[in-house]
Structures are given as C-alpha cells and as structure tokens.
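Breakdown of the fold
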Amino acid sequence: MSQTDTVSRILDAAEVLFAERGFTETSLRTITSTAGVNLAAVNYHFGSKKELIQAVFERFLTPFTGALEAELDRRIASGQPLRVEGLLESLYRVGLGGLRARGLDPQRFMRLLGLAYTQFQGHLRRFIVSRYGESYRRFAGLLAEALPGVDPVTFYWRLYFMLGATIFTLSSYDAIEAILKEDFGAQSSLSETLERLVPAASAMLKVEVG
C-alpha cells in the first residue's frame, strides 16, 4: 500500500466516523481498524488525533474556499452590484457544488461543521481561523456591504442564524427529504434544496424589524 493510499484510507475512515459519532466519541483505534491500517500509520502521517481532525476539515475547506473565492472574484469583476441573493447563491451553488465535483459529500461537510460548533474543539477553531479566516472575513464583509442598514451586532447574529439553518438543513437533508416524500409525496434533489435555501436565507439576513 502506497503512502498516498494509506493517507486517503485514514482520511476516508476518519471523515465518516467523525461525522457519524463525533470527535470525542471516535477513537484512533476505531479509525485505524476501519481504515485497515495500524496506529503507527496515523501517528506517522498526522502526528495526533487533533491534527487528523484538522486534516479532515482541510480536505473540505481548501476546495470549498478556493471555489468560493474564484466565484467572488468573478462577480466583482463583472461590475454588477453585489446582492445578498447572489452572494448566497455563490456560497451554495459554487462553494458546496464544488465539493460534489471533487467527489466530496457536502452533507457530511455540514455535519462536521455542526459538530465543530456543538463539540467545542479549540484547536480546530484556531486552525480554521488561521488557515481560512481571510476567506470567511471576505465573504462576511461583502454580505455586510450588501446590508448597509444592519448594525454589526445584528448582522453577526443574523449571519449565524443563517449559517445554523444552512448547516441543519444540509446535514439533515436525507431525513428531511424522507419526511417530505412521506408527508407530501414530493421529492427535492440537493440542488433544488439549495435553490430553495437562497431566498429563505436571504430573508433571514434582510428582515426588517418594525
């Protein structure tokens, strides 16, 4: 087995197990057993469980932020005014869609992001901020510019309300889609769900308090 193959098998196993069980509940021994490698391989390639968690997120976040940055560059270069709906479309269609194009599961990515908030991992937050903070600040800054009448604290909360709704919807997509089919006899693909999410998330950011 080549080193590249070993790393991929470890990441594949860790990605699935972390998403299903959580970070704390998943042991390195469970990961190595699932991947079919020994514990020394994890220590050799990643150094520690914390660094393995970071590598799993890097696997998603690097292509995600790369696709999003390129799309933001394209929108800015067009000279058209940036609107909330367009920015969210970039986030959902291009950013998350870019993961699917690379064979990565955006639903699993959302489950991992949700766990990053609910199972506090200080090292992970520091890693994400140091590696991808500039991309986040750019996107959030453009959203804020598109909402000139919203004060910073209100914008902060609305942004996290929107992100929370996004993470819940996509991480729970299979269950929600099953309920939709059972209760309404209807179906919605992930792409269609993302299209529906744009106006809903936009309204969450733009709502005016009377």
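Residues numbered from 1 in each chain as written. Predicted model: local features only at pLDDT ≥ 70, side-chain atom pairs only at ≥ 80, totals over all residues. Heavy atoms only, no water.

The name given to the protein in an unreviewed UniProt entry is TetR/AcrR family transcriptional regulator, with the source organism recorded as Microbulbifer echini.

On to helix α2 (residues 28–35), then. Taken together, the buried positions of α2 are Leu28, Ile31, Thr32 and Ala35. Buried residues of α2, viewed axially, fall in a sector of 95 degrees; they line one side. Opposite its buried face, α2 presents the exposed residues Arg29, Ser33 and Thr34, each directed more than 90 degrees away. Two residues or fewer past α2, Gly36 is found with a positive phi of approximately 75 degrees. (Buried < 20%, exposed > 50% of the residue type's maximum accessible area, 1.4 Å probe, protein only. Helix = DSSP H or I, 4+ residues; strand = E, 2+ residues; numbered from the N terminus. Arc of directions from axis to C-beta.)

Tracing the backbone shows Ser188 in the loop between α9 (173–184) and α10 (190–206). Ser188 gets classed as buried once you look at its relative accessible area, which sits at 7%. Among the polar contacts made by the side chain of Ser188, one reaches the side chain of Thr193 at a distance of 3.0 Å. Among all residues touching Ser188, those that are not within four sequence positions of it are Tyr173, Glu177, Leu180, Thr193 and Arg196. (Polar contact = N/O pair within 3.5 Å; in protein donor to acceptor, adjacent residues only side chain to side chain. Contact = heavy atoms within 4.5 Å.)

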